[in-house]
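Structure at a glance
Here is what each chain is made of, one letter per residue.
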Amino acid sequence: ISPAWAAQPPSGAAQAESADVAARVNGAVITSARVDASLAGLLEQRGATAAAAQDPAQRKALRRQVLDALIGQELLWQEASKQGYLASDAEVNAAFDQARQRHGSDEVFRQRLKEGAFTEASYREDLKRHLSVRRWIEQTLAKRVTVSDEEIHAYYTANTEQFVEPARVRVRHILIKVDAGADAAATQAARKRIDQLLVEARGGADFAALAQQHSQGPSAPKGGDLGYVAKGQLVEGFEAVAFALAPGQISDVVRTHYGFHIIKLEARQEAQPIPEKAASDLIRRYLRGTKVQDAARAKVQRLREQGAVEIMLEE
(Lines give C-alpha, C1' and ligand atoms only; values in the text may rest on other atoms or scores of the structure.)
Protein backbone atom coordinates (compact mmCIF):
# COMPACT_ATOMS: atom_id res chain seq x y z
CA ILE A 1 0.00 0.00 0.00
CA SER A 2 1.49 3.30 -0.99
CA PRO A 3 0.65 6.51 -2.81
CA ALA A 4 1.54 5.92 -6.45
CA TRP A 5 2.78 9.28 -7.63
CA ALA A 6 6.17 7.87 -8.56
CA ALA A 7 7.79 4.54 -9.30
CA GLN A 8 8.08 3.81 -5.59
CA PRO A 9 6.07 4.81 -2.52
CA PRO A 10 6.90 8.15 -0.87
CA SER A 11 9.53 7.98 1.83
CA GLY A 12 8.49 7.57 5.43
CA ALA A 13 10.55 10.00 7.43
CA ALA A 14 8.26 9.37 10.37
CA GLN A 15 9.17 5.68 10.70
CA ALA A 16 10.48 4.19 13.91
CA GLU A 17 13.71 5.97 14.80
CA SER A 18 15.21 2.82 16.27
CA ALA A 19 15.37 1.16 12.84
CA ASP A 20 18.65 1.12 10.96
CA VAL A 21 19.32 4.26 8.93
CA ALA A 22 19.66 3.68 5.19
CA ALA A 23 20.23 7.32 4.26
CA ARG A 24 19.99 10.89 5.49
CA VAL A 25 18.69 13.58 3.16
CA ASN A 26 19.49 17.05 4.45
CA GLY A 27 19.16 15.54 7.91
CA ALA A 28 15.91 13.63 7.27
CA VAL A 29 16.16 9.89 7.89
CA ILE A 30 15.18 7.13 5.50
CA THR A 31 15.20 3.83 7.39
CA SER A 32 16.22 0.41 6.15
CA ALA A 33 12.77 -0.82 7.19
CA ARG A 34 11.18 1.70 4.82
CA VAL A 35 13.48 0.63 2.01
CA ASP A 36 12.63 -3.04 2.56
CA ALA A 37 8.89 -2.33 2.69
CA SER A 38 9.11 -0.33 -0.54
CA LEU A 39 11.15 -3.11 -2.15
CA ALA A 40 8.48 -5.63 -1.19
CA GLY A 41 5.85 -3.40 -2.78
CA LEU A 42 7.90 -3.11 -5.95
CA LEU A 43 8.36 -6.88 -6.20
CA GLU A 44 4.62 -7.34 -5.72
CA GLN A 45 3.83 -4.79 -8.45
CA ARG A 46 6.14 -6.56 -10.88
CA GLY A 47 4.85 -10.01 -9.93
CA ALA A 48 8.40 -11.06 -9.17
CA THR A 49 8.94 -14.73 -8.49
CA ALA A 50 10.33 -15.92 -5.18
CA ALA A 51 13.53 -16.99 -6.94
CA ALA A 52 14.06 -13.54 -8.45
CA ALA A 53 13.33 -11.88 -5.13
CA GLN A 54 15.96 -14.04 -3.40
CA ASP A 55 18.71 -13.60 -6.00
CA PRO A 56 21.35 -11.64 -4.02
CA ALA A 57 22.68 -9.56 -6.90
CA GLN A 58 19.24 -8.68 -8.26
CA ARG A 59 17.84 -7.91 -4.82
CA LYS A 60 20.84 -5.70 -4.00
CA ALA A 61 20.44 -3.72 -7.24
CA LEU A 62 16.69 -3.30 -6.72
CA ARG A 63 17.18 -2.25 -3.11
CA ARG A 64 19.55 0.50 -4.20
CA GLN A 65 17.09 1.62 -6.91
CA VAL A 66 14.38 1.83 -4.26
CA LEU A 67 16.60 3.87 -1.97
CA ASP A 68 17.50 6.28 -4.78
CA ALA A 69 13.79 6.73 -5.52
CA LEU A 70 13.04 7.39 -1.85
CA ILE A 71 15.86 9.94 -1.71
CA GLY A 72 14.43 11.70 -4.75
CA GLN A 73 10.97 11.76 -3.22
CA GLU A 74 12.32 13.16 0.03
CA LEU A 75 14.13 15.92 -1.87
CA LEU A 76 10.98 16.84 -3.78
CA TRP A 77 8.94 16.87 -0.58
CA GLN A 78 11.46 19.18 1.07
CA GLU A 79 11.32 21.51 -1.93
CA ALA A 80 7.50 21.50 -2.03
CA SER A 81 7.35 22.15 1.71
CA LYS A 82 9.89 24.96 1.51
CA GLN A 83 7.90 26.68 -1.24
CA GLY A 84 4.58 26.29 0.60
CA TYR A 85 2.83 23.77 -1.64
CA LEU A 86 1.22 21.86 1.22
CA ALA A 87 -1.88 19.70 0.95
CA SER A 88 -4.70 20.57 3.34
CA ASP A 89 -5.98 18.24 6.07
CA ALA A 90 -9.22 17.89 4.10
CA GLU A 91 -7.33 16.68 1.03
CA VAL A 92 -5.31 14.22 3.09
CA ASN A 93 -8.44 12.90 4.83
CA ALA A 94 -10.21 12.43 1.50
CA ALA A 95 -7.26 10.52 0.03
CA PHE A 96 -7.00 8.39 3.18
CA ASP A 97 -10.69 7.49 3.02
CA GLN A 98 -10.41 6.60 -0.67
CA ALA A 99 -7.46 4.30 0.04
CA ARG A 100 -9.36 2.59 2.84
CA GLN A 101 -12.46 2.09 0.65
CA ARG A 102 -10.38 0.54 -2.14
CA HIS A 103 -9.38 -2.26 0.23
CA GLY A 104 -12.95 -3.18 1.07
CA SER A 105 -12.64 -3.53 4.82
CA ASP A 106 -10.75 -1.85 7.67
CA GLU A 107 -9.12 -5.18 8.53
CA VAL A 108 -7.62 -5.60 5.06
CA PHE A 109 -6.58 -1.94 5.03
CA ARG A 110 -4.79 -2.21 8.37
CA GLN A 111 -3.00 -5.35 7.20
CA ARG A 112 -1.79 -3.57 4.08
CA LEU A 113 -0.57 -0.66 6.17
CA LYS A 114 1.39 -3.08 8.33
CA GLU A 115 2.93 -4.77 5.29
CA GLY A 116 4.04 -1.37 4.05
CA ALA A 117 5.63 -0.51 7.42
CA PHE A 118 3.04 2.21 8.01
CA THR A 119 0.91 3.25 10.93
CA GLU A 120 -2.24 5.24 10.15
CA ALA A 121 -0.43 8.39 11.25
CA SER A 122 2.65 7.76 9.11
CA TYR A 123 0.50 6.82 6.13
CA ARG A 124 -1.40 10.09 6.44
CA GLU A 125 1.97 11.86 6.53
CA ASP A 126 3.06 10.10 3.35
CA LEU A 127 -0.22 11.00 1.68
CA LYS A 128 0.37 14.63 2.61
CA ARG A 129 3.83 14.43 1.06
CA HIS A 130 2.47 12.77 -2.06
CA LEU A 131 -0.28 15.34 -2.56
CA SER A 132 2.01 18.25 -1.80
CA VAL A 133 4.70 17.11 -4.24
CA ARG A 134 2.09 16.51 -6.93
CA ARG A 135 0.74 20.04 -6.43
CA TRP A 136 4.26 21.48 -6.55
CA ILE A 137 5.04 19.61 -9.78
CA GLU A 138 1.78 20.72 -11.40
CA GLN A 139 2.22 24.35 -10.37
CA THR A 140 5.91 24.67 -11.21
CA LEU A 141 7.51 22.09 -13.52
CA ALA A 142 4.39 21.14 -15.47
CA LYS A 143 3.47 24.75 -16.21
CA ARG A 144 6.74 25.21 -18.09
CA VAL A 145 6.24 22.17 -20.31
CA THR A 146 4.96 22.59 -23.86
CA VAL A 147 4.43 20.12 -26.69
CA SER A 148 4.51 21.40 -30.26
CA ASP A 149 2.51 20.17 -33.23
CA GLU A 150 5.82 19.20 -34.84
CA GLU A 151 6.65 16.92 -31.90
CA ILE A 152 3.22 15.30 -32.13
CA HIS A 153 3.65 14.69 -35.84
CA ALA A 154 7.14 13.25 -35.35
CA TYR A 155 5.90 10.85 -32.68
CA TYR A 156 2.91 9.77 -34.78
CA THR A 157 4.98 9.05 -37.89
CA ALA A 158 7.59 7.15 -35.86
CA ASN A 159 5.00 5.00 -34.06
CA THR A 160 2.23 4.36 -36.59
CA GLU A 161 1.83 0.78 -35.35
CA GLN A 162 0.47 2.16 -32.06
CA PHE A 163 -2.35 4.00 -33.79
CA VAL A 164 -4.50 1.29 -35.29
CA GLU A 165 -8.18 0.71 -34.59
CA PRO A 166 -8.40 -3.08 -34.11
CA ALA A 167 -10.69 -5.27 -36.14
CA ARG A 168 -14.17 -5.45 -34.62
CA VAL A 169 -17.25 -7.55 -35.15
CA ARG A 170 -20.88 -6.90 -34.37
CA VAL A 171 -22.53 -10.00 -32.99
CA ARG A 172 -25.84 -11.19 -31.64
CA HIS A 173 -26.22 -14.28 -29.52
CA ILE A 174 -28.77 -16.47 -27.82
CA LEU A 175 -27.76 -17.86 -24.43
CA ILE A 176 -29.33 -20.75 -22.56
CA LYS A 177 -27.69 -20.75 -19.15
CA VAL A 178 -26.14 -23.75 -17.47
CA ASP A 179 -25.44 -23.05 -13.82
CA ALA A 180 -22.12 -24.05 -12.31
CA GLY A 181 -22.58 -27.46 -10.74
CA ALA A 182 -25.64 -28.29 -12.85
CA ASP A 183 -26.32 -32.01 -13.08
CA ALA A 184 -26.37 -34.01 -16.31
CA ALA A 185 -30.13 -33.77 -16.67
CA ALA A 186 -30.16 -29.95 -16.44
CA THR A 187 -27.24 -29.69 -18.86
CA GLN A 188 -28.95 -32.04 -21.30
CA ALA A 189 -32.20 -30.08 -21.11
CA ALA A 190 -30.36 -26.81 -21.83
CA ARG A 191 -28.58 -28.42 -24.77
CA LYS A 192 -31.87 -29.73 -26.19
CA ARG A 193 -33.39 -26.26 -25.95
CA ILE A 194 -30.45 -24.49 -27.67
CA ASP A 195 -30.43 -27.15 -30.42
CA GLN A 196 -34.10 -26.42 -31.12
CA LEU A 197 -33.39 -22.70 -31.31
CA LEU A 198 -30.50 -23.34 -33.70
CA VAL A 199 -32.82 -25.22 -36.03
CA GLU A 200 -35.28 -22.30 -35.96
CA ALA A 201 -32.56 -19.70 -36.52
CA ARG A 202 -31.09 -21.55 -39.49
CA GLY A 203 -34.58 -22.23 -40.79
CA GLY A 204 -35.17 -18.55 -41.42
CA ALA A 205 -36.63 -17.29 -38.13
CA ASP A 206 -35.72 -13.74 -37.15
CA PHE A 207 -32.61 -14.13 -34.99
CA ALA A 208 -33.17 -10.92 -33.01
CA ALA A 209 -36.74 -11.96 -32.22
CA LEU A 210 -35.59 -15.40 -31.10
CA ALA A 211 -32.98 -13.84 -28.84
CA GLN A 212 -35.44 -11.37 -27.40
CA GLN A 213 -37.90 -14.15 -26.61
CA HIS A 214 -35.62 -16.98 -25.50
CA SER A 215 -32.12 -15.77 -24.59
CA GLN A 216 -31.24 -15.75 -20.91
CA GLY A 217 -28.42 -13.23 -21.26
CA PRO A 218 -28.54 -9.51 -20.38
CA SER A 219 -28.55 -8.59 -24.08
CA ALA A 220 -31.88 -10.36 -24.68
CA PRO A 221 -33.98 -7.12 -24.63
CA LYS A 222 -31.78 -5.84 -27.46
CA GLY A 223 -32.28 -8.95 -29.54
CA GLY A 224 -29.01 -10.43 -28.30
CA ASP A 225 -27.03 -7.55 -29.80
CA LEU A 226 -23.59 -7.10 -28.19
CA GLY A 227 -22.64 -4.23 -30.49
CA TYR A 228 -19.17 -3.94 -31.98
CA VAL A 229 -16.47 -5.71 -29.98
CA ALA A 230 -12.73 -6.20 -30.44
CA LYS A 231 -10.60 -9.18 -29.51
CA GLY A 232 -10.10 -9.46 -25.79
CA GLN A 233 -13.59 -8.25 -24.94
CA LEU A 234 -15.41 -11.58 -25.18
CA VAL A 235 -15.18 -14.94 -23.45
CA GLU A 236 -12.36 -16.93 -25.04
CA GLY A 237 -14.30 -19.75 -26.74
CA PHE A 238 -17.12 -17.41 -27.76
CA GLU A 239 -14.66 -14.90 -29.22
CA ALA A 240 -12.82 -17.42 -31.40
CA VAL A 241 -16.06 -18.52 -33.03
CA ALA A 242 -17.44 -14.99 -33.43
CA PHE A 243 -14.35 -13.76 -35.26
CA ALA A 244 -14.30 -16.82 -37.53
CA LEU A 245 -17.84 -16.25 -38.85
CA ALA A 246 -18.76 -14.48 -42.08
CA PRO A 247 -21.35 -11.66 -41.99
CA GLY A 248 -24.82 -13.17 -41.76
CA GLN A 249 -23.51 -16.58 -40.71
CA ILE A 250 -24.90 -18.41 -37.67
CA SER A 251 -22.57 -20.56 -35.60
CA ASP A 252 -22.97 -24.06 -34.29
CA VAL A 253 -23.73 -24.33 -30.56
CA VAL A 254 -20.87 -22.88 -28.48
CA ARG A 255 -20.30 -23.87 -24.83
CA THR A 256 -18.82 -21.41 -22.32
CA HIS A 257 -18.94 -21.26 -18.54
CA TYR A 258 -22.18 -19.28 -18.90
CA GLY A 259 -23.94 -22.03 -20.79
CA PHE A 260 -24.82 -22.71 -24.45
CA HIS A 261 -24.74 -19.99 -27.11
CA ILE A 262 -25.72 -19.51 -30.72
CA ILE A 263 -23.85 -16.64 -32.35
CA LYS A 264 -24.74 -14.61 -35.43
CA LEU A 265 -22.23 -12.27 -37.03
CA GLU A 266 -23.98 -9.11 -38.16
CA ALA A 267 -21.02 -7.16 -39.54
CA ARG A 268 -17.25 -6.94 -39.53
CA GLN A 269 -14.94 -3.92 -39.44
CA GLU A 270 -11.35 -4.59 -40.43
CA ALA A 271 -8.43 -2.98 -38.61
CA GLN A 272 -7.77 0.55 -39.80
CA PRO A 273 -5.29 3.31 -38.95
CA ILE A 274 -6.30 6.05 -36.54
CA PRO A 275 -5.75 9.44 -38.23
CA GLU A 276 -3.12 11.72 -36.72
CA LYS A 277 -5.74 14.34 -35.91
CA ALA A 278 -7.74 11.84 -33.87
CA ALA A 279 -4.63 10.66 -32.02
CA SER A 280 -3.09 14.10 -31.40
CA ASP A 281 -4.66 14.76 -27.98
CA LEU A 282 -3.54 11.37 -26.67
CA ILE A 283 -0.02 11.92 -28.02
CA ARG A 284 0.14 15.42 -26.55
CA ARG A 285 -0.81 14.11 -23.09
CA TYR A 286 1.76 11.33 -23.33
CA LEU A 287 4.59 13.60 -24.46
CA ARG A 288 3.69 16.20 -21.85
CA GLY A 289 3.73 13.56 -19.10
CA THR A 290 7.11 12.29 -20.30
CA LYS A 291 8.54 15.80 -20.28
CA VAL A 292 7.21 16.46 -16.77
CA GLN A 293 8.82 13.22 -15.54
CA ASP A 294 12.11 14.20 -17.16
CA ALA A 295 11.91 17.65 -15.55
CA ALA A 296 11.25 16.09 -12.15
CA ARG A 297 14.24 13.76 -12.52
CA ALA A 298 16.46 16.66 -13.52
CA LYS A 299 15.23 18.67 -10.53
CA VAL A 300 15.98 15.76 -8.20
CA GLN A 301 19.50 15.54 -9.60
CA ARG A 302 20.09 19.26 -9.00
CA LEU A 303 18.68 19.07 -5.48
CA ARG A 304 20.83 16.06 -4.75
CA GLU A 305 23.97 17.83 -5.96
CA GLN A 306 23.13 20.94 -3.91
CA GLY A 307 22.04 19.10 -0.76
CA ALA A 308 23.61 16.80 1.81
CA VAL A 309 22.80 13.18 1.01
CA GLU A 310 24.48 10.46 3.06
CA ILE A 311 23.96 6.82 2.14
CA MET A 312 24.49 4.20 4.84
CA LEU A 313 22.76 1.29 3.14
CA GLU A 314 24.95 -1.78 3.24
CA GLU A 315 26.55 -2.38 -0.13
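Residues numbered from 1 in each chain as written. Predicted model: local features only at pLDDT ≥ 70, side-chain atom pairs only at ≥ 80, totals over all residues. Heavy atoms only, no water.

**Looking at the sheet that holds strand β6 (residues 254-256)**
Ordered in space as β5-β4-β7-β6, the four strands form an open sheet in which the pairing is antiparallel. Lying at the two open borders of the sheet, with one neighbouring strand each, are β5 (225-230) and β6. Taking each pair of neighbouring strands and ignoring which way they run, the sheet shows an average axis angle of 45°. Relative to the sheet, helix α8 (residues 184-202) contacts β4 (168-177), β6 and β7 (259-269), its axis offset from that of β7 by approximately 35°. (Pairing = 2+ DSSP bridges. Helix = DSSP H or I, 4+ residues; strand = E, 2+ residues; numbered from the N terminus. Axes fitted to C-alpha atoms, helices over the stretch in contact; angles between N-to-C directions. Contact = heavy atoms within 4.5 Å.)

**Some points on the sheet that holds strand β2 (residues 28-31)**
Strand order in the open sheet made by the three strands is β2-β1-β9, with antiparallel pairing throughout. The open sheet is flanked by β2 and β9 (309-311), the only strands paired with a single partner. Recorded for the sheet is a direction-independent mean angle of 20° between the axes of neighbouring strands. Of the strand pairs in this sheet, strand β1 (residues 21-25) and β2 are connected by four bridges, and their pairing is antiparallel. Counterpart to A23 in the pairing with β2 is I30. Of the strands in this sheet, β1 and β2 touch helix α1 (residues 32-46), which is tilted by about 50° from β2.

**Observations concerning unusual backbone geometry**
A positive phi angle, near 50°, is found at N26, a position not held by glycine. Within the secondary structure layout, N26 lies in the loop between β1 and β2. Judged by its relative accessible area of 41%, N26 is partly exposed. (Buried < 20%, exposed > 50% of the residue type's maximum accessible area, 1.4 Å probe, protein only.)

**A few points about the environment of L76**
Residue position: L76 is located in helix α3 (residues 56-82). A residue is classified by how much of its surface remains accessible, and L76, at 4% relative accessible area, is buried. C-alpha of L76 to C-alpha of R297: the two residues are 221 residues apart in sequence and 9.8 Å apart in space.

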